[in-house]
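# Chains, contacts and geometry: an overview
Chain by chain, the residues run as shown.
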Amino acid sequence: MQEPTGTTAPQEPADGTPAINRRLFLGGLGAVAATALAAGAGAGAARAADGTASTASLPTAMQAPSAMAMRTFSRIDGTPVYYWRSDRGSTALRDWQCTEAFYDRLVLWIRDLRELSADGGFGSIDFLVSAGFYVNRSGQHGEGTAMDLDMVHWAGGRRSSPLDGHHAAADPTLRRRYLAVDAVTRRRFRYVLDGWYNADHHDHIHADFAGLPTLCEKGSSSDTRFVQAMCNNFMGAGLAVDGVWGSNTQTWFNRAKTRLSIEGDPHTDLTAWRNMLARISRHGFSDTAI
């Protein structure tokens, strides 16, 4: 099957530096919204560009100082993003904030997610739930270059919910679907911290793009735990999910690479790793073994 190549999402340079064709990106916004964005209009214009009439407030810590150059949005490429940490089930739109470059990367990500989940028979993505983008604290959140993903909800009712600990669900279908979302996220973000990474991430998937490009690094506890969990849930490997890339992890990784017909080295080749992640995600959305 053809991997996502950018026919439905803007392309980026081979080195992973975020970029987007501004004319292509703004083309769907309409002339008025495009003009407002180009002029550096504030939150009201950004909401208009998203098709958002009004929003509910986020906690103060998620509201960036006016001196920071941030994009304000309520939807990612048309898909609403809700906040359930204080009011589960709320469909009030929120004024999320992140940098323009990070929003561009979110567009690439959600277009991948739509395409790859559709290959597994999923409908359109109804909405996302997040625990935050810009947050007033140290690290990538404080720079406006991070996302905490709580849930993806598709038309028809299927969902993947890190918020509900789906990485540890008794139902293997939910675990595989979680890994599918996890894999898609790793295609576009370098640092992805999931429920296997540590207890702090049991209820969300963190993603940021520091340290691009995206590659599978044996020395990364996050990458290693993802690979170990993938081998266990799709291949019955029985590996300890400990973040240590040992000989057993290497053996099972090689098997997965062979079964997925991956050419190139995912540790050094951006295309090879992204292709492998796309094929893992398709198995997750279709709930099939590797």
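As the structure is a prediction and not an experimental result, all values here were calculated from the model. Think of each chain on its own: its residues are numbered from 1, step by step along the sequence as written. Confidence filtering applies because this is a predicted model: local features only for residues at pLDDT of at least 70, side-chain atom pairs given and counted only at 80 or more, and all residues used for totals across whole chains, interfaces and linings. Side-chain metrics in this entry use all non-hydrogen atoms of the structure; hydrogen atoms and water are not considered.

### A look at the confidence of the model for the protein
The cut-off we apply is this: pLDDT: the predictor's confidence for each residue, scored from 0 to 100. Contacts: residue pairs with any heavy atoms within 4.5 Å of one another.
Here the protein averages 87 in pLDDT, while 82% of its residues score no lower than 70. In the predicted structure, residues 6–49 sits below a pLDDT of 50 and forms 56 contacts with residues beyond four places in sequence or in another chain.

### A short note on the environment of Thr268
Stated precisely, the cut-off is as follows: Helix numbering and strand numbering both begin at the N terminus, where a helix is a DSSP run of H or I of at least 4 residues and a strand a DSSP run of E of at least 2.
Relative to the helices and strands, Thr268 is located in the loop between helix H8 (247–259) and helix H9 (270–286). Taking the C-alpha atoms as reference, Thr268 lies 9.9 Å from Pro213; in sequence the two are 55 residues apart.

### As for the nonpolar core
As a reminder, the rule being used: We call a set of buried Ala, Val, Leu, Ile, Met, Phe, Trp, Tyr and Cys residues a nonpolar core when their side-chain atoms join them within 4.5 Å. Relative accessibility thresholds used throughout: buried, under 20% of the residue-type maximum; exposed, over 50%; partly exposed, between the two (1.4 Å probe, protein chains only).
Judged by nonpolar contacts, the single largest core of 61 residues is most densely connected at Ile76, Leu106, Trp109, Phe133, Met276, Ile280 and Phe285. Of all the elements, helix H4 (residues 100–119) adds the most residues to this core, at eight residues. Excluding its chain neighbours within four sequence positions, the residues that come into contact with Phe285 are Leu113, Leu116, Ser117, Gly120, Phe122, Trp154, Arg177, Ala180, Val181 and Val184. Of all hydrophobic cores here, the second largest spans six residues; its members include Trp84, Leu93, Phe127 and Met151.

### Topic: the pattern of salt bridges
Inclusion rule: Only one rule defines a salt bridge in this text: a Lys or Arg side-chain nitrogen within 4 Å of an Asp or Glu carboxyl oxygen.
The full count for this structure, using the stated rule, is 17 salt bridges. Note that Asp112 is salt-bridged to Arg187, the shortest N-O span being 2.7 Å. In this pair, Asp112 is assigned in helix H4 and Arg187 in helix H6 (residues 172–188), connecting sequence segments 75 residues apart. Looking at Arg187, the relative accessible area reads 2%, which means it is buried. Among the salt bridges present, the one from Asp112 reaches Arg188, with a minimum N-O distance of 2.8 Å.

### What about the packing of aromatic side chains?
We count it as follows: Each aromatic pair joins two rings of Phe, Tyr and Trp (for Trp, the six-membered one) with centres within 6.5 Å, and gets the label stacked for planes under 30 degrees apart, edge-to-face for over 60, and tilted for any other angle. Two conditions define a charge located above a ring, namely a distance within 6 Å from the ring centre to NZ of Lys or CZ of Arg, and an angle within 35 degrees of the ring normal.
Per the counting criterion, the structure on display carries 14 aromatic pairs. On the basis of an interplanar angle of 65 degrees and a centroid distance of 4.8 Å, the ring pair of Phe122 and Trp154 is categorised as edge-to-face. Of this pair, Phe122 sits in the loop between H4 and strand S5 (125–132) while Trp154 is found in strand S6 (residues 146–154), placing the two residues 32 residues apart along the sequence. The pair formed by Phe122 and Trp154 is uniform in burial state, with each residue classed as buried. Members of the aromatic cluster, connected to one another through ring pairs, are Phe73, Tyr83, Trp96, Tyr103 and Phe133. Across the ring face of Tyr103, the terminal group of Arg71 is positioned such that the distance to the ring centre comes to 3.9 Å. Lying across the ring of Trp252, Arg255 places its NZ or CZ 4.4 Å from the centre.

### Some points on the packing of helix H7 (residues 221–235) against H8
Any two packed helices are characterised by the angle at which their axes cross and by the distance between the axes. For clarity, the threshold we go by: Angles shown run from 0 to 180 degrees and are taken between the N-to-C directions of axes, each axis being a line fitted to C-alpha atoms and, for helices, limited to the stretch in contact. An angle below 35 degrees is read as roughly parallel, one above 145 as roughly antiparallel, one from 65 to 115 as roughly perpendicular, and any other as oblique. Working rule for handedness: look at the near helix, and if it is turned counterclockwise from the far one by less than a right angle, call the crossing left-handed; if clockwise, right-handed. Polar here means any residue outside two lists: the nonpolar Ala, Val, Leu, Ile, Met, Phe, Trp, Tyr, Cys and Pro, and the charged Asp, Glu, Lys and Arg; Gly therefore counts as polar.
Closest axis-to-axis distance for the H7/H8 pair is 10 Å, and the angle between their directions is 60 degrees. Between H7 and H8, the interaxial angle falls into the category oblique. Considering only the axes of H7 and H8, their crossing is left-handed. On the side of H7, the interface is formed by Val227, Gln228, Met230, Cys231 and Met235, while H8 contributes Thr249, Trp252, Phe253, Arg255, Ala256 and Arg259. Classifying every residue of the contact of H7 with H8 gives seven nonpolar, two polar and two charged.

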